[in-house]
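# A structural walkthrough
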Amino acid sequence: MNENTELTRSDEMSLAGAALRGAPWKAAAISGGVIAAANWLMGVLLPGPADLTTSLGLGITLFALVASIGAISRPNTADRVTRQARLWSLGHPFRFALYPAAAAAILMYPVQLVFDREGMFGAAWDALWGGAVVYVIAAVLTVALKGRATQSR
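Residues numbered from 1 in each chain as written. Predicted model: local features only at pLDDT ≥ 70, side-chain atom pairs only at ≥ 80, totals over all residues. Heavy atoms only, no water.

### Brief notes about the packing of aromatic side chains
The cut-off we apply is this: By convention, a stacked pair of Phe, Tyr or Trp rings (six-membered ring in the case of Trp) has centres within 6.5 Å and planes under 30 degrees apart, an edge-to-face pair has planes over 60 apart, and any other such pair is tilted. A run of DSSP states H or I qualifies as a helix once it reaches four residues; a run of E qualifies as a strand once it reaches two. Both are numbered from the N-terminal end. Relative accessibility thresholds used throughout: buried, under 20% of the residue-type maximum; exposed, over 50%; partly exposed, between the two (1.4 Å probe, protein chains only).
The tally for this structure, following the rule as stated, stands at three aromatic pairs. Centroid distance Trp25 to Phe63: 5.8 Å. Interplanar angle 40°. Geometry classified as tilted. Remark: Phe63 occurs in helix H3 (residues 52-72) and Trp25 occurs in helix H2 (residues 25-45); sequence separation between them is 38 residues. By relative accessible area, Trp25 is classed as partly exposed at 42%. Seen from their ring centres, Phe94 and Tyr135 are 6.4 Å apart, and the 55° between their planes marks the pair as tilted. A residue pair is termed long-range when its members are at least 10 positions apart, and Phe94 in helix H5 (residues 93-96) and Tyr135 in helix H7 (residues 120-144) qualify at 41 residues. Of the residues examined, Phe94 reaches a relative accessible area of 46% and is grouped as partly exposed. Overall, the relative accessible area of 25% leaves Tyr135 in the partly exposed class.

### With respect to the pattern of salt bridges
Convention followed: Basic side-chain nitrogens of Lys or Arg form a salt bridge, by our definition, when they fall within 4 Å of a carboxyl oxygen of Asp or Glu.
For the structure on display, the rule yields one salt bridge. The closest approach of N and O atoms between Arg95 and Glu12, which form a salt bridge, is 3.1 Å. Here Arg95, found in helix H5, pairs with Glu12, found in helix H1 (residues 9-20); they are 83 residues apart in sequence, far enough to count as distant. Residue Arg95 is classed as partly exposed on the basis of its relative accessible area of 38%. For Glu12, a relative accessible area of 6% gives the class buried.

### Remarks on the nonpolar core
To keep things clear, this is the line we draw: We define a nonpolar core as any set of buried Ala, Val, Leu, Ile, Met, Phe, Trp, Tyr and Cys residues linked to one another through side-chain atoms lying within 4.5 Å.
Within the largest apolar cluster, 17 residues are counted, with the highest numbers of intra-cluster contacts made by Ala16, Ile72, Ala85, Trp88, Phe96 and Leu145. It is H1 that provides the largest number of residues to this core, a total of five residues. With twelve residues, the next largest nonpolar core counts Ala64, Leu65, Val111 and Ala139 among its residues.

### Notes on the packing of helix H6 (residues 98-116) against H7
What describes two packed helices is the angle between their axes and the distance between those same axes. Short version of the rule: Whenever a helix is involved, its axis is fitted only over the stretch in contact; in every case the axis is a line through C-alpha atoms, and angles between N-to-C directions fall within 0 to 180 degrees. Each helix crossing is assigned a hand: it is left-handed if the near helix lies turned anticlockwise from the far helix by less than a right angle, otherwise right-handed if that turn is clockwise. Every residue pair with non-hydrogen atoms within 4.5 Å of one another is taken to be in contact. Each residue receives one of three labels: charged for Asp, Glu, Lys and Arg, nonpolar for Ala, Val, Leu, Ile, Met, Phe, Trp, Tyr, Cys and Pro, and polar for the others, Gly being one of them.
Orientation of H6 relative to H7, taken along the N-to-C sense of each, is 145°, at an axis distance of 7 Å. Every pair of crossing elements has a handedness; the one defined by H6 and H7 is right-handed. Between H6, through Leu98, Pro100, Ala101, Ala104, Ala105, Met108, Tyr109, Gln112, Leu113 and Asp116, and H7, the contact on the second element is made entirely by Met120, Ala123, Ala124, Asp126, Ala127, Gly130, Gly131, Val134 and Tyr135. Looking at side-chain class alone, the contact of H6 with H7 contains 14 nonpolar, three polar and two charged residues.

### With respect to a nonpolar patch on the surface
For clarity, the threshold we go by: Like-charged residues within 9 Å of one another, or nonpolar side chains (Val, Leu, Ile, Met, Phe, Trp, Tyr) within 5 Å, are grouped into patches, provided each residue has over 30% relative accessible area and no salt bridge. Areas reported as accessible are Shrake-Rupley estimates using a 1.4 Å probe. Residue values count occlusion only from the protein chains shown.
A cluster of nonpolar side chains, Trp40, Leu41, Met42, Val44, Leu45, Leu46, Leu52, Leu113, Val114, Phe115, Met120 and Phe121, forms an exposed patch at the surface whose accessible area comes to about 1,200 Å². Within the residue set of the nonpolar patch, elements represented by two or more residues are H2, H6 and H7. For the nonpolar patch, the element with the highest residue contribution is H2, accounting for five residues. Along the polypeptide, Val44 turns up in helix H2.

### Things to note about helix H4 (residues 80-91)
Stated precisely, the cut-off is as follows: Given the number of residues in a helix, its expected span is that number minus one, multiplied by 1.5 Å.
Between the first and last C-alpha of H4 there are 16 Å, a value that for twelve residues agrees with the 16 Å anticipated at 1.5 Å per step. Every buried residue of H4 is listed here: Thr82, Ala85, Arg86, Leu87, Trp88, Ser89 and Leu90.

And the structure:
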């Protein structure tokens, strides 16, 4: 892939999607589910309110992070297209992190809307903040893994 070529937003979305194609979805779902259940059970068993919205938001956050970081943690595995997409993602961590963050915000919105009962705008605001947290963490972890891209070339 030529570094001087300007990519469109659609191209970037395709590359991020191709990189995420090899994500460990089962591990991401299990880890997100376990953390959400554990958080909710701690709220039930310990004094204080059990907040299902917070538990589900935490589970969605962990799901998105495990999927995104798991997808790019091994840039040399998989087919040629997926390898190139993973290398692009490692080279552009802040652009790559937009897509897991957007997915997390989209998943958090109905949770906020149904369980938190804040209304459309309050739920959207909370979901955007949840997506922002995923964005920052995914981008920082991708920067930490950026050395793998230079080793792989």
